[in-house]
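# Residue-level structural notes
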Amino acid sequence: MSSLALAQDTDAQEGTTIAFGDRQQDTSAPIDVTSKQLAIDEESNTALFTGDVVVIQDTMTLYAPWVKVFYNDEQSDIQSMKATGGVTIIQNEEAAEAEEADYDLQNEVMVMTGDVLVTQKLSAIASDKMTIKLDDGTALMTGRVKTLLRTGGSSQEDN
């Protein structure tokens with residue numbers, strides 16, 4: 001039986017900074033998107049991917065039911081992506097879940113909102129919002145932040 005400890009509740013104004021994923025995500029790497037359907041709107045410079053969407057870039061994989069891609073005016077470069085409907089991001093051995101994720105490729109930032117849950121080895125961290133700086137692999141978790149730490153040892157009661 002492992003021990004559990006509630007480690008931290010922080011004020012929504014301050015937040016908690018954690019490491020997340022690679023220390024340097026390559027945001028210039030190609031983006032591979034797989035989905036059941038694709039709808040392109042050239043007037044609004046967008047593409048809407050729906051149905052079991054999987055987005056892979058470098059070591060990061062994003063899963064969502066719905067992902068909208070926003071292109072620049074010339075449709076030559078992706079400015080941002082918005083995923084909704086329950087989003088999961090996996091990077092190496094870490095995972096994050098939320099209701100929505102906004103990926104700003106120009107500024108190398110991803111913002112996850114709505115019941116954010118991050119799992120890292122034996123720890124789980126929950127908050128209202130997480131802002132990931134992909135250039136250095138840090139994330140700021142804000143809104144009612146709760147951390148659950150587990151120890152890997154067994155209980156002494158078995159002796």
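All of these numbers come straight from a predicted model, not from anything done at the bench.

## A look at the environment of Val54
You can see Val54 is positioned in strand S5 (residues 46–57). With 13 residues separating them in the primary sequence, Val54 and Val67 have C-alpha atoms 9.0 Å apart.

## Remarks on the confidence of the model for the protein chain
Here the protein chain averages 84 in pLDDT, and 85% of its residues register 70 or above. The weakest mean pLDDT in the protein chain belongs to strand S1 (residues 4–10) at 36; the strongest belongs to S5 at 97. Here residues 1–13 is a poorly scored stretch, pLDDT under 50, and it has 31 contacts once near neighbours within four places are set aside; other chains count. Predicted confidence is poor over residues 154–159, with pLDDT under 50, and the contacts of this stretch with residues over four places away or in other chains come to two contacts.

## Observations regarding the pattern of salt bridges
Between side chains of opposite charge, a pair can form when the charged atoms approach closely. All told, the structure shown has four salt bridges when counted by the stated rule. Across the salt bridge formed by Lys82 and Glu100, the nearest N and O atoms sit 3.2 Å from each other. In this pair, Lys82 is assigned in strand S7 (residues 78–91) and Glu100 in strand S8 (residues 94–104), connecting sequence segments 18 residues apart. Given a relative accessible area of 29%, Glu100 falls into the partly exposed group. Measuring nitrogen to oxygen at the nearest pair gives 3.4 Å for the salt bridge that ties Lys82 to Asp102.

What counts as what
- Residues numbered from 1 in each chain as written.
- Predicted model: local features only at pLDDT ≥ 70, side-chain atom pairs only at ≥ 80, totals over all residues.
- Heavy atoms only, no water.
- Helix = DSSP H or I, 4+ residues; strand = E, 2+ residues; numbered from the N terminus.
- pLDDT = per-residue confidence, 0-100.
- Contact = heavy atoms within 4.5 Å.
- Salt bridge = Lys/Arg side-chain N within 4 Å of Asp/Glu carboxyl O.
- Buried < 20%, exposed > 50% of the residue type's maximum accessible area, 1.4 Å probe, protein only.

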